[in-house]
Amino acid sequence: MNPFDFFDDIYCICISSREEKKRKAEEQFKQALEKCLDDLSKTDWDSFLLGGVVKEVKSHVTENLCLVDAYHTHAHALNRKFFDTVLSFEGDSKRYYDDGKRVWSRGSIDIFLSEKTLKYMIKPIMAIQPDKGSNTLQRYYDNVL
């Protein structure tokens, strides 16, 4: 299943001078995603992650897809049926903790979505933020594999 046919739109944010990175990402979309999208199309998904920090793997759905509790998503898609929930976000005054010690957000959309979302993640992970790469990858491998 071609990702460019599966999703309404795909936006790859990349600096124009980094044409090679953009081309590489598009190639990944065609190869890594195709295997996973058939599995995803058979689930009741809200959010589909290409990367993020995995807090917990709830289940391994297929060899290419798992249901996760994750945050700091690096790249993701939202299902059209979920937009009303996303648009209802107004923030709140609750304090959220990333490790039980530090407040990292007040009214964060990422936290709101983590509480309201069925998040499925591609296996293996595809998108990593460069400054969080090694920690995120290690945590992903510890939790997913």
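Residues numbered from 1 in each chain as written. Predicted model: local features only at pLDDT ≥ 70, side-chain atom pairs only at ≥ 80, totals over all residues. Heavy atoms only, no water.

### Comments concerning the packing of aromatic side chains
Thinking step 1. Using the criterion set out here, one finds four aromatic pairs in the structure.
Thinking step 2. Seen in terms of ring centroids, Phe 6 and Phe 7 are 4.9 Å apart; in terms of plane orientation they differ by 85°. Their pairing is edge-to-face.
Thinking step 3. Look at Phe 7 and Trp 45: their rings are 6.4 Å apart centre to centre, the planes differ by 85°, and that puts the pair in the edge-to-face class. Highlighted residues: Phe 7 in the loop between helix H1 (3–6) and helix H2 (19–40) and Trp 45 in the loop between H2 and strand E1 (47–62), separated in sequence by 38 residues.
Thinking step 4. By relative accessible area, which is 8% here, Trp 45 ends up buried.
Thinking step 5. Clustering of aromatic rings is evident, with ring pairs tying together Phe 6, Phe 7, Trp 45 and Phe 48. (Phe/Tyr/Trp six-rings, centres within 6.5 Å; stacked < 30°, edge-to-face > 60°. Helix = DSSP H or I, 4+ residues; strand = E, 2+ residues; numbered from the N terminus. Buried < 20%, exposed > 50% of the residue type's maximum accessible area, 1.4 Å probe, protein only.)

### Here we look at the pairing of E1
Thinking step 1. In this sheet, strand E2 (residues 65–78) lies alongside E1 in antiparallel orientation, the contact comprising eleven bridges. The residue of E2 that forms the bridge with Ser 47 is Leu 78.
Thinking step 2. The loop that links E1 with its antiparallel partner E2 comprises two residues.
Thinking step 3. Here E1 runs beside strand E5 (residues 119–122); their pairing, made up of three bridges, is parallel. Paired with Leu 49 across the bridge in E5 is Met 121. (Pairing = 2+ DSSP bridges.)

### Some details on the pattern of salt bridges
A side chain of one charge can pair with a side chain of the opposite charge when the charged atoms of the two come close.
Thinking step 1. Taken as a whole and assessed by the stated rule, the structure comprises five salt bridges.
Thinking step 2. Asp 46 is the salt-bridge partner of Lys 81, the closest N and O atoms lying 2.5 Å from each other. One end of the pair, Lys 81, is in the loop between E2 and helix H3 (83–87); the other, Asp 46, is in the loop between H2 and E1, and 35 residues separate them in sequence.
Thinking step 3. The partly exposed category is assigned to Lys 81, whose relative accessible area is 46%.
Thinking step 4. Accessibility expressed as a relative area gives 7% for Asp 46, which makes it buried.
Thinking step 5. Within this structure, Asp 44, Asp 46 and Lys 81 form a network of salt bridges that share partners. (Salt bridge = Lys/Arg side-chain N within 4 Å of Asp/Glu carboxyl O.)

### Some remarks on the pairing of E2
Thinking step 1. Burial analysis of E2 places ten of its 14 residues in the buried class, the great majority of the element.
Thinking step 2. Note that E2 and E5 share four bridges and pair antiparallel. Within E5, the residue paired with Leu 65 across the bridge is Ile 122.

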